[in-house]
Amino acid sequence: MISFLLRRVLASVPILIGVSIVVFITIKIIPGDPVASLLGPTSTPEARAALEERLGLDEPLPVQYVQWVWHLLQGDLGTSISKQTQVLGLVLDAFWNTLVLTAFAALLAFALGISLGAVAALRRGKVSAAISNGIALVSISLPQYSVGLLLIIYVATGTGLFPTAGMYSAIGGGGWGDLFSHLVLPGITAALVPAGIIARMFRTTVIDVMSMDFIDALRARGMSERRILLHAFHNTTPTLLTIAGLQLGYLLGGVVFVETVFSWPGIGLLVFQSIAQRDLPVIQAGVIVSALAFVLINLVVDALHATIDPRMRAHS
Amino acid sequence: MATIDVAVNPRFRRRVRTSGTRRRLPTSSRVAGGIVALLLLAALFAPLLTSQSPTVGVLGDRLQGPGAAGHLLGTDGQGRDILARLLYGARPSLLTGMIPVAVAGLLGTAFGLIAGLGKPLLHSVVMRFLDVFYAFPAVLLAIAIAAALGSGSSNAIIALSVILVPPVARVAEAETGRLRNADFMEAARASGSSWFSLAYRQVLPNIAPAVVVYCTALIGLSIVYSAGLSYLGLGIAPPAAEWGLMISDLQQYMFTTPALLIAPALAIVVASVSFNVLGDGLGSYLNVRSETV
């Protein structure tokens, strides 16, 4: 098991290097001369050359890349242009808030997705299955900004039950109940697309498992349908784990729109605010932290997968 | 049915299938296809469908609710007719959704063919390269690329194309891999087919249905993302009419005249759902294993 984990960690090193190269490229494709834009059009060539040297921009690209990664490894993600503070602190604070929203949305998405998928698989050919399939297909296609705004208009302001923005109330808030009431609408908005995807994948998995020979064998032994289902669901756990990893990653990135609509103080809102100010270091840091989290989630999923299913350990 | 000639490319075999009833596209997909056609026609003939300007409004008429005289869907903060903006807005909204899928469809298929038919080393180089993109949450990567390039619809198209290539390439590679050792491939190789002719004449026609189905479903996603980039301020510049831009523009009147927001919000939903339902139906019609994005 330990050697399996070690191999998995090692295997994610090239991915991380690739991630850093892609982000570095997004820095380098920024049109215009960064030195000229920092110093202004009236700057002398000497001043430009001096700043270029100080920023290391006179070095060849590979050297610049290595220097950039070296800073990255020390936790130096640069300075925010608009807020003039270290980017790392900004992003980590926001990331925690995003995790809270993501975890809540993931719970909703799994509950809804598994129920829809199970109905679609076990009631095949019936109206209820067709309805489940329809709901799943529509929810995959829903844009989060549309859904979020419609929920604010019709549910939040319509009923007055839920707040429309933020994470805690400004006055008299701060408790778990307050957090929960702020979580409901953004949570639902973020959960709909993953719920649809989970429903479709879970449906396929259940249909596959239910058509396996061991199900017939159990049935032949006279086992009740209820207990057969239990065995079948047990066999869907590896797939469920894989889906969980993918969907958590999707949620981490996809909450940009949700956080923007509901002013949820996470990575997405931070990125949105940075777009208008062209605060690129913050955007890049947000992308790096999300990608890191994504790689980490996949590692954890693989580890869990290997604990549940010994074939995984032998296979890789 | 006994197969007589196992070395025949199934592409040619399909033509002689005689038995069985004709498969039909599910009703839901026909309806969705009809809606897609209507949307495209509306975009094409926008000037014929409305006499009002999508970009110049009458300030005296600003913020009228739906149903106001002369403005079926109301007017926005600058007095522009929302119906006109919706119709004209269909052009950039649908185009910036569809072009990235077309680009990704071509590039992704090329990557998939190269990886799927290449030697093991080439295969792993291409696939590991694509794996890197899977480490990013796709939307965030698109935002980072679009933000770095600067706002504008062509930059949004580039950003979306980049994030859509890897999933298309994976589908194309998986489909190619299933054919790699087929008998008709052996036959073609034995008769001295070049790599290109193998890819173009033998493999491409067989993987095309899967790729096309997958891409059709991707259009829905791509429309949602491209309108999303505009919503965040990374797409087409104001005062142009575009659905995502309309939402971000009308959002400020959400608590005073909320009904105005519904038209653009629903337009994106309808377009995205229609393309997905159409793709889903095409998948079962062409008997392609559907994978979710």
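1. A word on the overall build of chain B
(1) Moving on: Scanning chain B from terminus to terminus reveals 11 helices and zero strands.
(2) Moving on: The order of helices and strands in chain B, counted from the N terminus, is α-α-α-α-α-α-α-α-α-α-α.
(3) Moving on: Based on the C-alpha atoms only, the size of chain B along its principal axes is roughly 75 × 45 × 30 Å.
(4) Moving on: Here chain B holds 293 residues, and the buried ones make up 45% of them.
(5) Moving on: Within chain B, counting contacts between residues at least 6 apart in sequence, those at least 24 apart form 72% of the total.

2. Quick word on the overall build of chain A
(1) Moving on: The secondary structure content of chain A amounts to 14 helices and zero strands.
(2) Moving on: In chain A, the succession of helices and strands from N to C terminus is α-α-α-α-α-α-α-α-α-α-α-α-α-α.
(3) Moving on: Across its three principal axes, chain A shows a C-alpha extent of roughly 90 × 55 × 35 Å.
(4) Moving on: Taking all 316 residues of chain A together, 37% fall into the buried category.
(5) Moving on: Relative to all contacts within chain A whose residues are 6 or more apart in sequence, the contacts with residues 24 or more apart total 70%.

3. Here we look at the environment of A:Thr26
(1) Moving on: You can see A:Thr26 is positioned in helix H1 (residues 2–28).
(2) Moving on: Judged by the 21 C-beta atoms lying within 10 Å of it, A:Thr26 is buried.
(3) Moving on: A sequence separation of 189 residues divides A:Thr26 from A:Ile215, and the C-alpha atoms of the two residues are 51 Å apart.
(4) Moving on: Residue contacts for A:Thr26: discarding those within four places in its chain leaves A:Gln284, B:Ala144, B:Ile145 and B:Ala148.

4. Side note on the interface of chain A and chain B
(1) Moving on: Taken residue by residue, the interface counts 47 residues in chain A and 40 residues in chain B.
(2) Moving on: Those elements that place two or more of their residues in the side of chain A that touches chain B are H1, helix H6 (127–140), helix H7 (144–159), helix H8 (176–210), helix H11 (237–262), helix H12 (267–276) and helix H13 (280–308) of chain A.
(3) Moving on: Top contributing element to the side of chain A that touches chain B by residue count: H13(A), with nine residues.

5. Points about helix H4 (residues 61–73) of chain A
Note that an α-helix has 3.6 residues per turn; residues three or four places apart therefore point the same way.
(1) Moving on: If you check H4(A), its first and last C-alpha atoms are 18 Å apart, about what 13 residues at 1.5 Å a residue would give, namely 18 Å.
(2) Moving on: Two residues or fewer past H4(A), A:Gly75 is found with a positive phi of approximately 85 degrees.

6. Side note on unusual backbone geometry
(1) Moving on: In the segment running from B:Pro238 into B:Pro239, the intervening peptide bond is cis, with an omega of 10 degrees.
(2) Moving on: Relative to the assigned elements, B:Pro239 resides in the loop between helix H9 (195–231) and helix H10 (243–250).
(3) Moving on: Located in the positive-phi region is A:Ser263, a residue other than glycine, with phi close to 50 degrees.
(4) Moving on: Within the fold, A:Ser263 resides in the loop between H11 and H12.

7. Focus on the nonpolar core
(1) Moving on: In terms of nonpolar packing, the biggest core is built from 157 residues, with A:Val91, B:Ala142, B:Ile143 and B:Val168 touching the most fellow members.
(2) Moving on: A per-element tally of this core places H9(B) first, with 18 residues.
(3) Moving on: When sequence neighbours within four positions are dropped, the list of residues in contact with B:Val168 reads B:Ala104, B:Gly105, B:Gly108, B:Thr109, B:Val211, B:Tyr214 and B:Cys215.

8. Some remarks on the packing of H6(A) against H8(A)
Residues and elements named next belong to chain A.
(1) Moving on: Interhelical geometry of H6 versus H8 gives an angle of 135 degrees and a closest axis separation of 7 Å. The orientation of H6 relative to H8 falls into the category oblique. Once H6 is placed against H8, the crossing between them reads as left-handed. Of the residues in H8, those touching H6 at Ser-132, Ala-136, Leu-137, Ser-139 and Ile-140 are Leu-192, Val-193, Ala-195, Gly-196, Ile-197, Ala-199 and Arg-200.

9. Focus on the environment of B:Ala90
Residue and element names in this part refer to chain B.
(1) Moving on: Along the polypeptide, Ala-90 turns up in helix H4 (residues 82–117).
(2) Moving on: Residue Ala-90 is classed as buried on the basis of its 22 C-beta neighbours within 10 Å.
(3) Moving on: Separated by 47 residues in sequence, Ala-90 and Ala-43 place their C-alpha atoms 5.0 Å apart.
(4) Moving on: When near neighbours in sequence (up to four residues on either side) are disregarded, Ala-90 contacts Leu-39, Ala-42, Ala-43 and Ala-46.

10. Focus on the environment of A:Gly177
(1) Moving on: Within the element layout of this structure, A:Gly177 appears in helix H8.
(2) Moving on: Sequence spacing of A:Gly177 and A:Glu53 is 124 residues, and the spatial spacing of their C-alpha atoms is 54 Å.

11. Considerations on the packing of helix H5 (residues 87–122) of chain A against H11(A)
All names here are of chain A.
(1) Moving on: Close contact between H5 and H11 brings their axes to 10 Å; oriented N to C, the two are set at 130 degrees. Looking at the two axes, H5 sits oblique to H11. As for how H5 packs across H11, the hand of that crossing is right-handed. Contact residues: H5 offers Thr-98, Leu-101, Thr-102, Ala-105, Ala-106 and Ala-109, while H11 offers Gln-247, Leu-248, Leu-251, Leu-252 and Val-255.
(2) Moving on: Residues belonging to the contact of H5 with H11 are distributed by class as follows: eight nonpolar, three polar and no charged.

12. Considerations on H12(A)
(1) Moving on: Counting buried residues along H12(A), eight of its 10 residues qualify, which places the element largely inside the surrounding structure.
(2) Moving on: Of the positions making up H12(A), those classed as buried are A:Ile267, A:Gly268, A:Leu269, A:Leu270, A:Val271, A:Phe272, A:Ser274 and A:Ile275.
(3) Moving on: Looking at the buried positions of H12(A), the neighbouring elements they touch are H5, H11 and H13 of chain A together with helix H6 (138–149) of chain B.
(4) Moving on: In the stretch just after H12(A), A:Arg278 is the one whose phi turns positive, near 50 degrees.

13. Topic: the confidence of the model for chain B
Residue and element names in this part refer to chain B.
(1) Moving on: The share of residues in chain B with pLDDT of 70 or more is 91%, and the mean pLDDT across the chain is 86.
(2) Moving on: Here helix H1 (residues 10–13) is the element of chain B with the lowest mean pLDDT, 62, and H4 is the one with the highest, 95.
(3) Moving on: Low pLDDT (under 50) marks residues 15–19, which in the prediction has zero contacts with non-local residues, meaning those over four places away or in another chain.

About the thresholds
- Residues numbered from 1 in each chain as written.
- Chains lettered and ligands numbered in written order.
- Predicted model: local features only at pLDDT ≥ 70, side-chain atom pairs only at ≥ 80, totals over all residues.
- Helix = DSSP H or I, 4+ residues; strand = E, 2+ residues; numbered from the N terminus.
- Buried ≥ 20, exposed ≤ 12 C-beta atoms within 10 Å, placed from the backbone.
- Contact = placed C-beta atoms within 7 Å.
- Expected span 1.5 Å × (residues − 1).
- Core = buried A, V, L, I, M, F, W, Y, C linked by C-beta atoms within 7 Å.
- Axes fitted to C-alpha atoms, helices over the stretch in contact; angles between N-to-C directions.
- Parallel < 35°, antiparallel > 145°, perpendicular 65-115°, else oblique.
- Left-handed = near helix turned anticlockwise from the far one by under 90°.
- Nonpolar A, V, L, I, M, F, W, Y, C, P; charged D, E, K, R; others polar.
- pLDDT = per-residue confidence, 0-100.

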